[in-house]
Amino acid sequence: NAGVTQTPKFQVLKTGQSMTLQCAQDMNHEYMSWYRQDPGMGLRLIHYSVGAGITDQGEVPNGYNVSRSTTEDFPLRLLSAAPSQTSVYFCASSRSGRGAYEQYFGPGTRLTVT
Amino acid sequence: AQTVTQSQPEMSVQEAETVTLSCTYDTSESDYYLFWYKQPPSRQMILVIRQEAYKQQNATENRFSVNFQKAAKSFSLKISDSQLGDAAMYFCAYRSFSGYALNFGKGTSLLVTP
């Protein structure tokens, strides 16, 4: 089991560029999500998905797009990068249903927008 | 959205001593889940302990235990016999009974001194 994988680990973008952060999990989890972590802010939810074809917005969705065509993959797209999107991005997955299920996190992507 | 507050930005403990990290939350729900996650310098998010609100008994995982006070909406983490490897950022997180997203506090940075 690789768990949750994210690529790339580091990325530098120029303002206005677009890119896709990749996330994949091999645990057959229905729930997947993207968080961003900024200093002193904890982790904030960007978008989430409760299954293939189903996505919804979290707390800070502006400037990001997601889709979920398979159970395994949940890519995050930055449409036109801005310096305010400089952050560490985490993908997470968990079982769905009621229970204190652990969310498994990927290793994170450090993104810098200049 | 439920608010999670960690009032201690930084804490320090000596090796082998005990330390308690505090967490309070705001909710109108009666059923929910609470978690503590650890983030060492490697950036990986690691689940430390979890609690279901309907369970009165406090959760325990080896040297880690919680003091869950439902009426006071408090969920503190106690680390006994602290080790150098416990040095990390610790995040308290809330999850609704019917949802999947985690609401994180801003974190407490724990320093362990020899």
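Below is a summary of the structure that appears in this document. (Residues numbered from 1 in each chain as written. Chains lettered and ligands numbered in written order. Predicted model: local features only at pLDDT ≥ 70, side-chain atom pairs only at ≥ 80, totals over all residues. Heavy atoms only, no water.)

### Some thoughts on the layout of surface pockets
Phase 1 of the analysis: The space that makes up the second largest pocket amounts to roughly 300 Å³.
Phase 2 of the analysis: Lining the second largest pocket are 19 residues; nearest its centre among them are Q37, D38, P39, V88 and R110 of chain A.
Phase 3 of the analysis: At the level of elements, β4 (31-38), β9 (87-94) and β11 (109-113) of chain A together with β10 (88-96) of chain B are the ones that each hand at least two residues to the lining of the second largest pocket.
Phase 4 of the analysis: Considering each element in turn, the lining of the second largest pocket owes the most residues, three residues, to β11 of chain A.
Phase 5 of the analysis: Residues of the lining of the second largest pocket, tallied by class, amount to eight nonpolar, seven polar and four charged. (1 Å grid on protein atoms, 1.4 Å probe; cavity = no way out; pocket = protein on both sides within 12 Å on 5 of 7 lines; lining within 4 Å. Points joined across faces, edges and corners; volume = space filled by probe spheres on them. Helix = DSSP H or I, 4+ residues; strand = E, 2+ residues; numbered from the N terminus. Nonpolar A, V, L, I, M, F, W, Y, C, P; charged D, E, K, R; others polar.)

### A few points about the environment of E15 of chain B
Residue and element names in this part refer to chain B.
Phase 1 of the analysis: Along the chain, the position of E15 falls in the loop between β2 (10-14) and β3 (19-21).
Phase 2 of the analysis: Judged by its relative accessible area of 36%, E15 falls in the partly exposed class.
Phase 3 of the analysis: In this structure, the C-alpha to C-alpha distance between E15 and V4, residues 11 residues apart in sequence, is 28 Å.
Phase 4 of the analysis: Excluding its chain neighbours within four sequence positions, the residues that come into contact with E15 are S82, Q83, L84, V112, T113 and P114. (Buried < 20%, exposed > 50% of the residue type's maximum accessible area, 1.4 Å probe, protein only. Contact = heavy atoms within 4.5 Å.)

### A look at the state of the cysteines
All names here are of chain B.
Phase 1 of the analysis: Throughout the structure, instances matching the rule amount to two disulfides over all chains.
Phase 2 of the analysis: Two residues share a disulfide in this structure: C23 and C92, whose sulfurs sit 2.0 Å from each other. Taking the torsion about the sulfur-sulfur bond, which here is approximately -70 degrees, the covalent link between C23 and C92 counts as left-handed. One end of the pair, C23, is in the loop between β3 and β4 (24-26); the other, C92, is in strand β10, and 69 residues separate them in sequence. For the pair C23 and C92, a shared accessibility class is recorded, and that class is buried. (Disulfide = S-S within 2.5 Å.)

### A look at the packing of aromatic side chains
Phase 1 of the analysis: Enumeration over the complete set of coordinates arrives at 17 aromatic pairs over all chains.
Phase 2 of the analysis: Taking the centre distance of 5.1 Å and the plane angle of 25 degrees together, the rings of Y31 of chain A and Y100 of chain B count as stacked. With one member in each of two chains, Y31 of chain A in strand β4 and Y100 of chain B in the loop between β10 and β11 (103-104) form a pair that bridges those chains.
Phase 3 of the analysis: Pairing Y35 of chain A with F105 of chain A gives two aromatic rings, centres 5.9 Å apart and planes at 40 degrees, and the pair type is tilted. Of this pair, Y35 of chain A sits in strand β4 while F105 of chain A sits in strand β10 (residues 104-105); the two residues are 70 residues apart in sequence, bridging distant segments of the chain.
Phase 4 of the analysis: Every member of this aromatic cluster is reached through a ring pair, and the members are Y35, F90 and F105 of chain A together with F35, Y37, F91 and F104 of chain B.
Phase 5 of the analysis: Stacked on the ring of F74 of chain A, the Lys or Arg R68 of chain A has its end atom at 6.0 Å from the ring centre. (Phe/Tyr/Trp six-rings, centres within 6.5 Å; stacked < 30°, edge-to-face > 60°. Lys NZ or Arg CZ within 6 Å of the ring centre and 35° of its normal.)

### Details of the nonpolar core
Residues and elements named next belong to chain B.
Phase 1 of the analysis: Residues Y25, W36, F75, L77 and Y90 are the most contacted members of the largest nonpolar core, which totals 25 residues.
Phase 2 of the analysis: Within the residue set of this core, elements represented by two or more residues are β3, β5 (32-39), β6 (46-52), β8 (64-69), β9 (74-79), β10 and β12 (108-113).
Phase 3 of the analysis: Setting aside anything within four residues of it in sequence, one finds F75 in contact with C23, Y25, L34, F35, W36, Q51, V66, N67, F68 and C92. (Core = buried A, V, L, I, M, F, W, Y, C linked by side-chain atoms within 4.5 Å.)

### A look at the interface of chain B and chain A
Phase 1 of the analysis: At the junction of the two partners, chain B supplies 20 residues and chain A supplies 28 residues.
Phase 2 of the analysis: Together, R43, Y100 and F104 of chain B form the three largest contributors to the area buried by chain B at its contact with chain A, with a combined 35%.
Phase 3 of the analysis: Joining chain B to chain A, the criterion identifies zero salt bridges.
Phase 4 of the analysis: The tally of links from chain B across to chain A stands at 10 residue pairs in polar contact (both at pLDDT 80 or more). (Buried area = accessible area lost by both parts, 1.4 Å probe. Salt bridge = Lys/Arg side-chain N within 4 Å of Asp/Glu carboxyl O. Polar contact = N/O pair within 3.5 Å; in protein donor to acceptor, adjacent residues only side chain to side chain.)

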